[in-house]
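Structural features, examined
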Amino acid sequence: MGTDGRRRVLFLINVPDWAIHNVGRDWAALLADTHEFTFVRYGRHEHEDPARWDHVVWGYSTLGYSGRMLVESLTRRPAAWWRWRTRTAPNLAAVVQDPSEVFPEVADWRHAPARTAHLARFARLAVTSNEMRAALGALGYAPHQVSTRSLLPARDPATLVSEPVRAFTRAQVYARKNLALFDAVRARVAGVVERCDGILGGGVQPLADYAAAIDRYNVYVCTSWQEGGPLPLMDAQRRGCVVLTTRVGQTDERVEDGVNGWFCDDADAFERRLRELAADPALLLRMRRAALARAAVDDSARVRAQLMGFLP
């Protein structure tokens, strides 16, 4: 505990931009009165003494070293690496954000053997979705659930107007994003919708630029097998986009089927819904307003309470 009485949290990250801007920074702000967060890149954390912290959290990371990180640690910091490698303590916690951190990256992952040996060292686990809580629960774990939030400002509803369908997805090029399905859907609706774009790759833009980029669209498409969020879906809702998505991650918390979006199981369903929206601009506008209204609800108190359960 720090001199000001706040709990000290060492938050380990693999991808600084993504974790700090979209998760760690939000957690630190929500718990600012009770917890002090320090962010350290995983693989460069061994100089820290884990016993000095009230909570050491493997944040939004891969819960392990990449090959390059491991070689660097073994050659430059072998003693420190061993201290962390062998440590198991009540203050160690981890966020299992994506199913791919435990399950194979295959479409039928829910019925595939899980990899859980790397979870044994953690006294506390958090997940982001009902889906992952159930999946780990079936394996005998009792994880805390901490929902992910979009940090984008909610769009002014008055700026939503009748317009043609402009759809997009945003994703890293991973197998679990199932971009082949997105490409198939895009080919089917060519000439029916005005745009259907794939924005691929990582990186974090300034919030104003990111919001302006999303505002060029009005429908968000998610074709993934596995998701912890997806956070871009939540961002799109905050800017008034209808969501067409597979049933993954936190979508059950965000999408009300037929009201602010639709759940789609295959290319036929995605195509049908995009054609329906293209043929009915009034329906598109109504669902956009419903998406924005749902996403604009302040859920900070709920997520703060979840965090307090995970990091008491």
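First, a word on scope: everything that follows refers to the structure included in this document.

Turning our eyes to something else, we now look at the packing of aromatic side chains. The final tally for this structure, using the stated rule, is 9 aromatic pairs. Relative to Tyr 220, the ring of Phe 168 has its centre 5.0 Å away and its plane inclined at 80°; by these criteria the two rings are edge-to-face. Of this pair, Phe 168 sits in strand β7 (residues 166-171) while Tyr 220 sits in strand β9 (residues 219-222); the two residues are 52 residues apart in sequence, bridging distant segments of the chain. Judged on exposure class, the residue Phe 168 and its partner Tyr 220 are both buried. One residue, Arg 8, lies across the ring of Trp 53, its end atom 4.1 Å from the ring centre.

With that settled, the discussion passes to the packing of helix α9 (residues 267-279) against helix α10 (residues 281-295). At a minimum axis distance of 5 Å, the contact between α9 and α10 shows a crossing angle of 105°. With respect to α10, the element α9 is oriented roughly perpendicular. Contact with α9, carried on its side by Glu 276, Leu 277, Ala 278 and Ala 279, involves Pro 281, Leu 283, Leu 284 and Met 287 of α10 and no other residues of that element. Split by residue class, the contact of α9 with α10 holds 7 nonpolar, no polar and 1 charged.

Now for the pairing of β7. Summarising burial for β7: 6 of the 6 residues are buried, a large majority. Here β7 shows two buried faces, one formed by Arg 166, Phe 168 and Arg 170 and the other by Ala 167, Thr 169 and Ala 171. As paired strands, β7 and strand β8 (residues 195-200) are joined by 6 bridges and run parallel to one another. Following the sheet pairing, Ala 167 is matched in β8 by Cys 196. Remark: the β7/helix α5 (residues 179-188)/β8 crossover connection has right-handed handedness. Note that β7 and β9 share 2 bridges and pair parallel. Bridge assignment links Phe 168 to a residue of β9, and that residue is Tyr 220.

All right, on to helix α7 (residues 231-238) then. For α7, the tally of buried residues reaches 8 of 8 residues, placing the bulk of the element in the interior. Inspection of α7 places Leu 231, Pro 232, Leu 233, Met 234, Asp 235, Ala 236, Gln 237 and Arg 238 among the buried residues, and these make up the whole buried set.

Structurally, the position occupied by Asn 178 is in the loop between β7 and α5. Relative accessible area serves as the criterion here: at 17%, Asn 178 is assigned to the buried category.

Time to look at the pattern of salt bridges. Applying the stated criterion across every chain yields a total of 23 salt bridges. The residue Glu 253 makes a salt bridge to Arg 302 at a minimum N-O spacing of 3.7 Å. Placement of Glu 253 in helix α8 (residues 251-254) and of Arg 302 in helix α11 (residues 300-310) is noted, with a sequence separation of 49 residues between them. Across the salt bridge formed by Glu 276 and Arg 273, the nearest N and O atoms sit 2.9 Å from each other. Remark: Arg 273 and Glu 276 occur in helix α9; sequence separation between them is 3 residues, near one turn of the helix. Each of Asp 26, Arg 149, Glu 253, Arg 254, Asp 299 and Arg 302 takes part in one network of salt bridges that share partners.

It is worth spelling out the sheet that holds strand β5 (residues 124-127) at this point. Pairing between sheet strands relies on hydrogen bonds along the backbone, with the strands arranged either parallel or antiparallel. Strand order across the open sheet formed by 6 strands is β2-β1-β3-β4-β5-β6, with parallel pairing between neighbours. Edge positions in the open sheet fall to β2 (35-41) and β6 (144-145), since each of these has one partner strand only. Two elements, strand β3 (residues 55-58) and strand β4 (residues 92-96), share 3 bridges in a ladder whose sense is parallel. When the bridges of β4 are listed, Trp 58 appears paired with Ala 94. Sheet contacts for helix α4 (residues 130-137): β4, β5 and β6; angle to β5, the most-contacted strand, approximately 140°. Running at roughly 155° to β5, α11 makes contact with β2, β3, β4, β5 and β6 of the sheet.

All right, on to the sheet that holds β7 then. Strands sit in the order β8-β7-β9-β10-β11 across an open sheet of 5 strands; the sheet is parallel. Both edges of this open sheet fall to β8 and β11 (261-263), since each of them pairs with a single strand only. When strand polarity is set aside, the average angle formed by the axes of neighbouring strands in this sheet is 20°. Contacts between α7 and the sheet are confined to β7, β9 and β10 (242-245), with β9 contributing the most and set at about 165° to the helix.

To continue, consider the pairing of β5. For a regular strand, side chains alternate in direction, first toward one face of the sheet and then toward the other. Direction of pairing for β4 relative to β5: parallel, over a ladder of 4 bridges. Bridge pairing in β5 places Ala 94 opposite Leu 125. Following the backbone out of β5, through α4 and into the adjacent parallel β6, one traces a crossover that is right-handed.

The rules we used
- Residues numbered from 1 in each chain as written.
- Predicted model: local features only at pLDDT ≥ 70, side-chain atom pairs only at ≥ 80, totals over all residues.
- Heavy atoms only, no water.
- Phe/Tyr/Trp six-rings, centres within 6.5 Å; stacked < 30°, edge-to-face > 60°.
- Helix = DSSP H or I, 4+ residues; strand = E, 2+ residues; numbered from the N terminus.
- Buried < 20%, exposed > 50% of the residue type's maximum accessible area, 1.4 Å probe, protein only.
- Lys NZ or Arg CZ within 6 Å of the ring centre and 35° of its normal.
- Axes fitted to C-alpha atoms, helices over the stretch in contact; angles between N-to-C directions.
- Parallel < 35°, antiparallel > 145°, perpendicular 65-115°, else oblique.
- Contact = heavy atoms within 4.5 Å.
- Nonpolar A, V, L, I, M, F, W, Y, C, P; charged D, E, K, R; others polar.
- Pairing = 2+ DSSP bridges.
- Right-handed = clockwise from strand over helix to strand, strands pointing away.
- Salt bridge = Lys/Arg side-chain N within 4 Å of Asp/Glu carboxyl O.

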